[in-house]
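Chain by chain, the residues run as shown.
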Amino acid sequence: MILGCHVSFSNNQLLGSVEEALSYGANTFMFYTGAPQNTFRSSINMDYVESAWKLMIDNNINIDNVICHAPYIINLANATSLDKWQFSINFLKNEIKRCEDMHVKYMVLHPGSHVSLTREEGIKNIIDALNYIVKDDDKCMILLETMAGKGSECGITLEEIATILNGVKSKNIGVCLDTCHLNDAGYDMSKFDEFLQIFNNLIGIDRIKCVHVNDSKNVIGAHKDRHENIGIGTIGFDNLVNIVHNDKLKDVPKILETPYIGEDDDDKKRVYPPYKFEIEMLKNKTFDNDYLNKIRAYYK
Ligand code: FE
Ligand code: FE
Ligand code: ZN
């Protein structure tokens, strides 16, 4: 099973990301090349990258399974400010280049929010932008993430994702499923095999290159997008186990984006990453009722 989590890129860039992933017992990971909420990027230090490659080889992490996530302020759906839209396009092209330099093969992208435009206009803008960005010979592939439907997000149904993919001339573009987003968009994750069947008919299962594994704080169809720790939310442990162990997605990297423990504490003094424990539970298919307390004790 290829299972990892979101990690930081801010300590020694890719090298720090690998070290953090290893500390959780992960065999893959996802990172942002800078803060997810802004577009400031420091240049890539190739010494760190080369050390990261070596550390990955020594620890059986295949670079082909490593995922980058584009910043979420990038919005391809709204072109009312042509300057901003052009900026998003150029920024993404540059992020692809940075990933290629690091030999990172996938970049997850939120399709975008149409804001003041109609949904149809938003989707057309996304397609136009992707036709500028995506080239057959790009060595880093954009993966459109399925969205929860918060605000005016595009890409919340499989039909919308299919429309975008069909509009992009190059086929060098894939999909990233997010279990919390799918739940919040209205898909029942307890019927995941049926879901994959529908996905296969509409898009083709081979286009799925990454799965974000999150529980959800909200009920099916809530359109909220609030991630919950594994087994604590409305999707539940058994359904998430079935997804990560699904044979049809055996070779697809799975990435946890669950919240840190302690974020809801009044003082928020310390927060603790849940990933080491969540990865272990998912791998072993056994839920530990007391795992949130054990995380606090482990990092104390
Ligand atoms: Fe995302
Ligand atoms: Fe996600
Ligand atoms: Zn989310």
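Preceding this section is the structure that the text describes.
Residues numbered from 1 in each chain as written. Chains lettered and ligands numbered in written order. Predicted model: local features only at pLDDT ≥ 70, side-chain atom pairs only at ≥ 80, totals over all residues. Heavy atoms only, no water.

> What should I look at first to understand unusual backbone geometry in this one?
Across residues other than glycine, the phi torsion is negative in most instances, and most of the peptide bonds are trans. Phi angles above zero are rare outside glycine, and Val115 is one such case at about 55°. One can find Val115 in the loop between strand 4 (106–109) and helix 4 (119–133). With phi around 55°, His223 is a residue other than glycine that occupies positive phi space. In this fold, His223 is placed in the loop between strand 8 (215–216) and strand 9 (227–228). (Helix = DSSP H or I, 4+ residues; strand = E, 2+ residues; numbered from the N terminus.)

> Sorry, what's going on with the coordination of the zinc ion (ligand 3) here?
For a metal with four tetrahedral donors the ideal donor-metal-donor angle is 109.5 degrees, while six octahedral donors give ideal angles of 90 or 180 degrees. Protein coordination at the zinc ion (ligand 3): the donors are His181 (NE2), Asp225 (OD) and His227 (NE2), at 2.0 to 2.3 Å from the metal. As a motif over one chain, the donors of the zinc ion (ligand 3) read H-x43-D-x1-H. Taken as a pair, the zinc ion (ligand 3) and the iron ion (ligand 1) show a spacing of 5.3 Å. Linking His181 in helix 6 (residues 179–185) with Asp225 in the loop between strand 8 and strand 9, this pair joins segments that are 44 residues apart in sequence. We classify His181 as buried; its relative accessible area is 2%. (Donors = N, O, S within 2.8 Å, 3.2 Å for Na, K, Ca; no water. Buried < 20%, exposed > 50% of the residue type's maximum accessible area, 1.4 Å probe, protein only.)

> Explanation requested: the coordination of the iron ion (ligand 1) in the structure shown.
Every protein donor of the iron ion (ligand 1) is accounted for by His69 (NE2), His110 (NE2) and Glu145 (OE), and the metal-donor separations fall at 2.1 to 2.3 Å. Each donor residue of the iron ion (ligand 1) lies on the same chain, and together they follow the pattern H-x40-H-x34-E.

> Just to check I follow, could you spell out the environment of Met56 for this structure?
One can find Met56 in helix 2 (residues 46–58). Classification of Met56 as buried rests on a relative accessible area of 2%. The sequence separation of Met56 and Leu15 amounts to 41 residues, and the corresponding C-alpha distance is 9.1 Å.

> Would you mind showing me how to read the sheet that holds strand 7 (residues 208–213) here?
Paired through their backbone hydrogen bonds, the strands of a sheet run either parallel or antiparallel. Within the closed barrel, the 8 strands sit side by side as 1-2-3-4-5-6-7-10. Their pairing is parallel. When strand polarity is set aside, the average angle formed by the axes of neighbouring strands in this sheet is 30°. In this structure, strand 2 (residues 29–31) lies alongside strand 3 (residues 67–69), joined through 2 bridges in parallel fashion. Residue Met30 lies in a different strand from strand 3, and its bridge partner there is Ile67. (Pairing = 2+ DSSP bridges. Axes fitted to C-alpha atoms, helices over the stretch in contact; angles between N-to-C directions.)

> Help me out: how do you make sense of helix 3 (residues 82–102) in this one?
Counting along an α-helix, one turn takes 3.6 residues, and residues three or four places apart therefore face a common direction. With 21 residues, helix 3 should cover 30 Å at 1.5 Å per step; its first-to-last C-alpha distance of 30 Å lies within 8% of that length. Those residues of helix 3 not exposed but buried are Trp85, Ser88, Ile89, Phe91, Leu92, Glu95, Ile96, Arg98, Cys99 and Met102. Remark: His103 follows helix 3 within two positions and exhibits a positive phi of approximately 65°. (Expected span 1.5 Å × (residues − 1).)

> Explain the packing of helix 3 against helix 4 here, please?
The packing of two helices is summarised by the inter-axis angle and the distance between the axes. In the contact formed by helix 3 and helix 4, the axes pass within 10 Å of each other and the chain directions differ by 40°. Classified by the interaxial angle, the pair formed by helix 3 and helix 4 is oblique. Helix 3 and helix 4 meet at a crossing whose hand is right-handed. Contacts from Trp85, Ile89, Leu92, Lys93 and Ile96 in helix 3 reach Asn125, Asp128, Ala129, Tyr132 and Ile133 in helix 4. Taken together, the residues of the contact of helix 3 with helix 4 break down into 7 nonpolar, 1 polar and 2 charged. (Parallel < 35°, antiparallel > 145°, perpendicular 65-115°, else oblique. Left-handed = near helix turned anticlockwise from the far one by under 90°. Contact = heavy atoms within 4.5 Å. Nonpolar A, V, L, I, M, F, W, Y, C, P; charged D, E, K, R; others polar.)

> For this particular structure, what's the right way to read the nonpolar core?
What tends to happen in soluble globular proteins is that the nonpolar side chains get buried as a cluster. If you look at the biggest cluster of nonpolar residues, it comprises 86 residues, and the most contacted ones within it are Phe29, Phe31, Leu76, Leu130, Ile142, Phe195 and Leu282. Residue contributions to this core peak at 7 residues, all from helix 3. Setting aside residues up to four positions removed in sequence, Phe31 forms contacts with Val7, Phe9, Leu14, Ser17, Val66, Ile67, Cys68, His69, Met102 and Val104. Ranked by size, the runner-up nonpolar core spans 9 residues in total, among them Met30, Met141, Leu143 and Ile255. (Core = buried A, V, L, I, M, F, W, Y, C linked by side-chain atoms within 4.5 Å.)

> When you look at the side chain of Arg98 in this model, what are you seeing that I'm missing?
Secondary-structure assignment places Arg98 in helix 3. What Arg98 contacts, discounting residues up to four positions off in sequence, is Thr33, Arg41, Ser42, Ser43 and Ile44.

> What should I look at first to understand the state of the cysteines in this one?
Think of a disulfide as a covalent bridge from one cysteine sulfur atom to another cysteine sulfur atom. This model, assessed by the stated rule, comprises 0 disulfides. Left without a disulfide partner, Cys99 is nearest to the cysteine sulfur of Cys68, which lies 3.7 Å away. A relative accessible area of 0% places Cys99 in the buried class. Here Cys180 is not disulfide-linked; the sulfur of Cys176 is the nearest cysteine sulfur, at 12 Å. On the basis of relative accessibility, which here comes to 0%, the residue Cys180 falls in the buried class. (Disulfide = S-S within 2.5 Å.)

All quantities given are derived from atomic positions and should not be read as evidence of function.
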